[in-house]
Protein chains: 2
Amino acid sequence: MTSESRSRLITATRELLAERGYTGTSPQLIQERAGVGQGSMYHHFAGKPGLAAAALAESGDALLAAAAGSFDGPGSVFDRVAHYLRRERPVLHGCPVGRMTEDPEVMASDALRAPVELALQRLQARISELLVEGQRSGEFSARIAPARLAATIAATVQGGYVLSKASRDVQPFTDAVEGMIELLQSQLAPADPTLSERA
Amino acid sequence: MTSESRSRLITATRELLAERGYTGTSPQLIQERAGVGQGSMYHHFAGKPGLAAAALAESGDALLAAAAGSFDGPGSVFDRVAHYLRRERPVLHGCPVGRMTEDPEVMASDALRAPVELALQRLQARISELLVEGQRSGEFSARIAPARLAATIAATVQGGYVLSKASRDVQPFTDAVEGMIELLQSQLAPADPTLSERA
DNA sequence: GTCTATAAGATGATAGAC
DNA sequence: GTCTATCATCTTATAGAC
C-alpha cells in the first residue's frame, strides 16, 4: 500500500497534537509513534508544518462529524443541543482543535491556524442554524440572538475543557455544560396553543 | 537593589508565558527580555520551572485582583457579573492563566499546575458566592445552582478567548459574553412586592 | 518509498571568573 | 549577584544508500 506510512503519520500526529500541542510535538516523537523513519515523513509531507496542517484538517473534520452526530439526530432543537453538550468527551485531554489556539507557532502560521478557525466557525454556524430552526418552530423564544447564543454555547464547551484540565477533574466541565443546559431551558418559548391549531 | 534582576525576570516571564506558553518560552528569551544574563536567572530561581512557578503565582493573583475590581464594585450582583464579563481584556492574546492548561509541561508538573488551578478555582468560588448573595437578596431566581452557573460563566470567558484567538477576531468573545449576559438576565427573579415590604 | 547517518542550530543547565 | 564560557541533549532537516 503506497500510503500506509502516510496514514500512520497523520494518525500519530493527530494524537500527539491533541496530547502535547504543536510546539510540544517533535518530528522524532511522531516518527516513533507512527513506527516510521525520518525519510518517510519528509517524503510524504513538507516537514513538520505540512504534516501538522494535514492532521489538523482531519481533526477539524472529525470535530464537526462528531457534533453532527448530535445536531442531526432525533428530538427537538433543545434535545439535540443538550445531547451535544453532554456528549462523552476526553475532557481531561482537552479539545484537539481548540487547544491549538494556545500554541504560538500554530497561531503564527496561516496554514496551521486555518483548519482550526474553519472548524470552530463551522461549529458555531451549525449551532446558530439549529437555534434559528428552533425559533422558527416556536420552540425557542424569539428574543434570543442565535449567532450570539451559538458563540456562548461553543465557548462553554471550550472553556469547560480549560477549567477541567486546570483541576484535573471533569466536574467543572460537567458543571459548565449542565449550567448552560439549564440556561437554555429557560429560553424555551412558553407553550403556545395557537401553534397546534396552525399545524 | 538586591532583587532588581529578580523582579525583571518575573515580569519578563509573565509576559512571555502569556504570549508563548511555557514550552514555547526559552530561558534565553526570558533573559533577553529581562536584560540579564544566564547566571542571574539561575542564581535567583531553580531553573526555568522555578521561575515559571513564581511568575504563574503572580499572574494568578493578578487575575483575581482584576476580577475583584468588578465583583467588589457597586451595583447589583447582575451588574457586577456583567461588568466582569464586559471588562476590557487582551482577548486576542488569551488568558495568561487559562492558556497554561494547554501546555503539556505545565500540566505534567504539580508545581506549575498548582497556581493555575488555584486561581481558576478561586475565580469560580467568588462568582458562586456572588450568585448566592444574589439569591439571598431575591435578585436571582432560587432555581439556579450557583456553583454550576459559576462554572458556566467562567467557561464562557475562557472559551471566548479560544474562539476569538482561532479567528483573530474579538467578535466571538464579545458574542459569547453578551450571550451569557442575556441568559443571566432571564434568571433574575420577577419583581417581588413582598421584598420591599420586608426591607 | 523507506531507511540510516549526519548536521547546524536551539535548549536547559553548569562552571567558574569577576 | 552577575557575567561569560561551555556542555550534553534535543530539534528540525538534508543526504544518500537501499
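An account of the accompanying structure is given in this report.

Definitions and cut-offs
- Residues numbered from 1 in each chain as written.
- Chains lettered and ligands numbered in written order.
- Predicted model: local features only at pLDDT ≥ 70, side-chain atom pairs only at ≥ 80, totals over all residues.
- Heavy atoms only, no water.
- Contact = heavy atoms within 4.5 Å.
- Buried area = accessible area lost by both parts, 1.4 Å probe.
- Salt bridge = Lys/Arg side-chain N within 4 Å of Asp/Glu carboxyl O.
- Polar contact = N/O pair within 3.5 Å; in protein donor to acceptor, adjacent residues only side chain to side chain.
- Helix = DSSP H or I, 4+ residues; strand = E, 2+ residues; numbered from the N terminus.
- Buried < 20%, exposed > 50% of the residue type's maximum accessible area, 1.4 Å probe, protein only.
- Near = heavy atom within 4 Å.
- Least-squares fit on C-alpha atoms with pLDDT ≥ 70 in both.
- Nonpolar A, V, L, I, M, F, W, Y, C, P; charged D, E, K, R; others polar.
- Axes fitted to C-alpha atoms, helices over the stretch in contact; angles between N-to-C directions.
- Parallel < 35°, antiparallel > 145°, perpendicular 65-115°, else oblique.
- Left-handed = near helix turned anticlockwise from the far one by under 90°.
- Phe/Tyr/Trp six-rings, centres within 6.5 Å; stacked < 30°, edge-to-face > 60°.
- Lys NZ or Arg CZ within 6 Å of the ring centre and 35° of its normal.
- Expected span 1.5 Å × (residues − 1).
- Core = buried A, V, L, I, M, F, W, Y, C linked by side-chain atoms within 4.5 Å.

### Looking at the interface of chain A and chain B
Okay, step 1: On the chain B side, the residues contacting the 45 residues of chain A number 46 residues.
Okay, step 2: The largest contributions to the chain A side of the interface with chain B come from E102(A), R148(A) and L183(A), which together make up 17% of the buried area.
Okay, step 3: Applying the counting rule to chain A against chain B returns eight salt bridges.
Okay, step 4: With its nearest N and O atoms 3.3 Å apart, the salt bridge here joins E102(A) to K165(B).
Okay, step 5: Across the chain A-chain B interface, the total number found is 18 residue pairs in polar contact (both at pLDDT 80 or more).
Okay, step 6: Every element with two or more residues in the side of chain A that touches chain B is listed here: α1 (4-20), α6 (104-108), α7 (110-136), α8 (146-167) and α9 (171-185) of chain A.

### Some points on the side chain of T13(A)
Residues and elements named next belong to chain A.
Okay, step 1: Relative to the helices and strands, T13 resides in helix α1.
Okay, step 2: Overall, the relative accessible area of 1% leaves T13 in the buried class.
Okay, step 3: Look past the residues within four positions of T13 in its chain and what remains in contact with it is I30, L51, A52 and A55.

### Looking at the protein's contact with DNA strand C
Okay, step 1: Among the 16 residues in the neighbourhood of DNA strand C, the closest are listed as G37(A), G39(A), H44(A), P27(B) and K48(B).
Okay, step 2: When atoms of DNA strand C within 4 Å of the protein are split into backbone and base, the sugar-phosphate part holds 59%.
Okay, step 3: A distance of 3.3 Å separates a phosphate oxygen of DNA strand C from a polar atom in the side chain of Y42(B).
Okay, step 4: Secondary-structure elements contributing two or more residues to the surface near DNA strand C are α3 (38-44) of chain A together with α2 (27-34), α3 (38-44) and α4 (47-71) of chain B.

### Looking at the relation of the copies chain A and chain B
Okay, step 1: If you rotate chain A by 180 degrees and push it 0.0 Å along the axis, it lands on chain B with an RMSD of 0.0 Å. When the rotation and shift are considered jointly, the pair of chain copies conforms to a two-fold rotation axis. By C-alpha distance to the rotation axis, the residue of chain A lying nearest is G159(A), at 1.9 Å.
Okay, step 2: The share of interface residues of chain A whose copies in chain B are also at the interface is 100%, consistent with both copies meeting through the same surface.

### Remarks on the protein's contact with DNA strand D
Okay, step 1: Around DNA strand D, the surrounding shell holds 16 residues, and the nearest of these are P27(A), Q38(A), K48(A), G37(B) and H44(B).
Okay, step 2: Counted by atom, the contact set of DNA strand D within 4 Å of the protein is 58% sugar and phosphate.
Okay, step 3: A distance of 3.2 Å separates a phosphate oxygen of DNA strand D from a polar atom in the backbone of P27(A).
Okay, step 4: Here S5(B) contributes a side-chain N or O atom positioned 3.1 Å from a phosphate oxygen of DNA strand D.
Okay, step 5: Broken down by secondary-structure element, the contributors of at least two residues to the surface near DNA strand D are α2 (27-34), α3 and α4 (47-71) of chain A together with α3 of chain B.
Okay, step 6: Broken down by class, the residue content of the surface near DNA strand D amounts to three nonpolar, twelve polar and one charged.

### So, the packing of helix α8 (residues 146-167) of chain B against helix α9 (residues 171-185) of chain B
Residues and elements named next belong to chain B.
Okay, step 1: The N-to-C vectors of α8 and α9 enclose an angle of 160 degrees; their axes lie 7 Å apart at closest approach. Accordingly, the angle class assigned to the pair α8 and α9 is roughly antiparallel. The interaxial crossing formed by α8 with α9 has right-handed handedness. Only Q171, P172, F173, A176, V177, M180 and L184 of α9 make contact with α8, whose side of the interface consists of L149, T152, I153, T156, V157, G160, Y161, L163, S164 and S167.
Okay, step 2: Of the residues in the contact of α8 with α9, the class split is eleven nonpolar, six polar and no charged.

### Brief notes about the packing of aromatic side chains
Okay, step 1: For the structure on display, the rule yields four aromatic pairs over all chains.
Okay, step 2: Centre to centre, the rings of F71(A) and Y84(A) are 4.8 Å apart; their planes meet at 40 degrees, and the pair counts as tilted. With a gap of 13 residues between them, F71(A) in helix α4 and Y84(A) in helix α5 (residues 77-86) connect regions that are remote in the sequence.
Okay, step 3: Plain terms: the ring middles of Y161(B) and F173(B) are 5.3 Å apart, the flat faces sit at 55 degrees to each other, and that makes the pair tilted. Within this pair, whereas Y161(B) is found in helix α8, its partner F173(B) is found in helix α9, the two being separated by twelve residues in sequence.
Okay, step 4: The positively charged end of K48(B) is found above the aromatic ring belonging to Y22(B), 4.3 Å away from the centroid.
Okay, step 5: One residue, R89(B), lies across the ring of Y84(B), its end atom 4.8 Å from the ring centre.

### Some details on α7(A)
Okay, step 1: Taking 1.5 Å per residue as the helical rise, α7(A) with its 27 residues ought to reach 39 Å, and the 37 Å between its terminal C-alpha atoms agrees with that figure.
Okay, step 2: Where α7(A) ends, the next residue or the one after it, G138(A), has phi of about 90 degrees, a positive value.

### Let's talk about unusual backbone geometry
Okay, step 1: Its identity is not glycine, yet R168(A) carries a phi of approximately 50 degrees, on the positive side.
Okay, step 2: You can see R168(A) is positioned in the loop between α8 and α9.

### Comments concerning the side chain of T156(B)
Okay, step 1: Note that T156(B) resides in helix α8.
Okay, step 2: Classification of T156(B) by relative accessible area gives buried; the value is 0%.
Okay, step 3: Those residues in contact with T156(B), other than ones at most four positions away along the chain, are T152(A), A155(A), T156(A), A176(B), V177(B) and M180(B).

### Comments concerning the nonpolar core
Okay, step 1: Judged by nonpolar contacts, the single largest core of 100 residues is most densely connected at L85(A) and L85(B).
Okay, step 2: For L85(B), the contacting residues outside a window of four places in its chain are I153(B), V157(B), F173(B), V177(B), M180(B), I181(B) and L184(B).

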